[in-house]
Amino acid sequence: MTESAIETHDLTRKFDEITAVDSVNLTVRKGELFGLLGPNGAGKTTLIGMVSTMLRPTSGSANVWGHDIIADSTKVRQSIGVVFQSSTLDDKLTGRENLDLHGRLYGMSKDLRNQKIQEVLELVELADRADEIVKKYSGGMMRRLEIARGLMHRPNVLFLDEPTLGLDPQTRNHIWEYIKRLNQEDRITMVLTTHYMEEADTLCERIGIIDRGSIVALGTPTELKLKLGGDIITLTTATEENAIKVIEYCKNLKVVKDISRSGLIIRITAVEGERAIPEILNATTAGKMNIDSVSLRKPTLDDVFLYHTGRAIRESSLDGIDRIRYKIQTHRR
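All values derive from a computational prediction rather than experimental measurement. (Residues numbered from 1 in each chain as written. Predicted model: local features only at pLDDT ≥ 70, side-chain atom pairs only at ≥ 80, totals over all residues. Heavy atoms only, no water.)

A. Spatial organisation of the pattern of salt bridges. One pass over the structure, following the stated rule, counts 21 salt bridges. Note that K44 is salt-bridged to E162, the shortest N-O span being 3.7 Å. Note that K44 is positioned in helix α1 (residues 44–51) and E162 in the loop between β7 (157–161) and α6 (169–186), a separation of 118 residues in sequence. For the pair shown, K44 and E162 are each scored as buried. For D131, the salt bridge goes to R96, with nearest N and O atoms at 2.8 Å. Residue D131 is found in the loop between α4 (110–123) and α5 (139–151), and its partner R96 is found in helix α3 (residues 95–105); the two are separated by 35 residues along the sequence. The exposure class assigned to R96 is partly exposed, which follows from its relative accessible area of 28%. One network of salt bridges, in which partners are shared, links D258, R267, R297 and D303. (Salt bridge = Lys/Arg side-chain N within 4 Å of Asp/Glu carboxyl O. Helix = DSSP H or I, 4+ residues; strand = E, 2+ residues; numbered from the N terminus. Buried < 20%, exposed > 50% of the residue type's maximum accessible area, 1.4 Å probe, protein only.)

B. Local environment of the sheet that holds strand β1 (residues 4–15). Ordered in space as β2-β1-β4-β5, the four strands form an open sheet in which the pairing is antiparallel. With partners counted over all chains shown, the strands left at the sheet margins are β2 (18–29) and β5 (67–68), one partner each. As judged from the five bridges shared by β1 and strand β4 (residues 59–64), these two strands associate in the antiparallel manner. Residue pairing for β4: E7 is matched across the bridge by N63. (Pairing = 2+ DSSP bridges.)

C. Structural detail: the sheet that holds strand β12 (residues 256–262). One open sheet accounts for four strands, arranged β12-β13-β11-β14; its pairing is antiparallel. If you trace the sheet from one side to the other, it starts and ends with β12 and β14 (293–297), each paired once. If you compare each strand with its neighbour and ignore which way they point, the axes differ by 20 degrees on average. The pairing of strand β11 (residues 231–236) with β14 spans five bridges and is antiparallel. Bridge pairing in β14 places T234 opposite S295. The sheet contacts of helix α10 (residues 273–286) involve β11, β12, β13 (265–270) and β14, and relative to β11 the element is tilted by about 30 degrees. (Axes fitted to C-alpha atoms, helices over the stretch in contact; angles between N-to-C directions. Contact = heavy atoms within 4.5 Å.)

D. Up close: the pairing of β12. Relative to β13, β12 runs antiparallel, the two being bridged by six bridges. Looking at the pairing, I259 lines up with I268 of β13. Hairpin connection, β12 to β13: the antiparallel pair is bridged by two residues, and G263 has positive phi, about 65 degrees.

E. Representation of unusual backbone geometry within the structure. Despite not being glycine, R154 has its phi angle at roughly 55 degrees, a positive value. Residue position: R154 is located in the loop between α5 and β7. Despite not being glycine, R212 has its phi angle at roughly 50 degrees, a positive value. One can find R212 in the loop between β9 (206–211) and β10 (214–219).

F. A look at the side chain of H102. Inspection of the secondary structure assignment puts H102 in helix α3. With sequence-adjacent residues up to four places away left out, H102 is seen in contact with R149, M152 and H153.

G. Here's a closer look at α6. Between its first and last C-alpha atoms α6 spans 25 Å; for 18 residues at 1.5 Å apiece the expected length is 26 Å, and the two agree. Inspection of α6 places T171, R172, I175, W176, Y178, I179, L182 and N183 among the buried residues, and these make up the whole buried set. The buried residues of α6 occupy an angular sector of 160 degrees when projected down its axis, which confines them to one face. Within α6, the exposed residues directed more than 90 degrees away from the buried face are P169, Q170, Q184 and E185. Among the structural elements, β3 (33–37), α4, α5, β7, β8 (189–194) and α7 (197–203) are those in contact with the buried residues of α6. N-cap assignment for α6: the residue whose side-chain oxygen lies 3.1 Å from the backbone N of Q170 is D168. (Expected span 1.5 Å × (residues − 1). Arc of directions from axis to C-beta. Polar contact = N/O pair within 3.5 Å; in protein donor to acceptor, adjacent residues only side chain to side chain.)

H. A look at α3. Of the positions making up α3, those classed as buried are G95, N98, L99, D100, H102 and G103. Positive backbone phi, at 70 degrees, marks G107, one or two positions downstream of α3.

I. Summary view of the packing of aromatic side chains. Counting across every chain of the model gives zero aromatic pairs. When the ring centre of F15 is taken as origin, the NZ or CZ atom of R13, which lies over that ring, is 4.6 Å away. Lying across the ring of Y196, R172 places its NZ or CZ 3.6 Å from the centre. (Phe/Tyr/Trp six-rings, centres within 6.5 Å; stacked < 30°, edge-to-face > 60°. Lys NZ or Arg CZ within 6 Å of the ring centre and 35° of its normal.)

Have a look at this one:
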């Protein structure tokens, strides 16, 4: 029996002239909590859609729990649970009725449905609200109910597509606790897509960064940060002209591994940042350039993402082809 929960081979999906997912080769191990990072339009939701059998690949192949996503799609669906980015609950039914309907669709017997309904409601702490109409639930309660629904039929793999999107920080933390508990105690394989870097850093054993349909980085959060190979120094200048001059003066310094600019802010990756700062400041002083502020810190996943994609992990960063990609993936699934 393979130790892989998910395997993809050159998995590709095109929407007309847009390649949303481009020849992705990826393996997720059994029992792993795997994270996919990327801005809207990067391809992560489309990738999840294919391996969960909701979208047919244009080319390539994938197996989930040993089943081919095309030839054995029914077995794949029996092996997985999905928590969608947008709510798919029936808000005119009670929480219990939503779960019961899901169990019926999966062919579960009445006794088994009742048993699992009680189990999952207690797991997400909704047993005392089970008979209320979902319309009266808060956003966090709805998310918890959707997680409970995804667990009703005992899936081997649970896909969580932006499970905490739009929730307040306190509710997000509660959802994280449920996810960690399910993964650690029940060893359910989980694939989490998210915009929140701290969410990925806290929860995920490994992370894949997806950008413009391709996996551009893969590893544990620690590995990805260490691969940057240095500390992050941030300089702020008074004018863009001054910032451009700073880059020209600093880019060839031996202590500088990478340098980039966003407006008046210059971001430098340097080995031994504490020792690099005096050399950088000496170079800018010699060039008669004023530095308004200097900061030093260890790399974060935000820095990893910026390094590999050249942009922040926000929908607001989308422009041109990315906006087209996002609209197509969102409205033409």
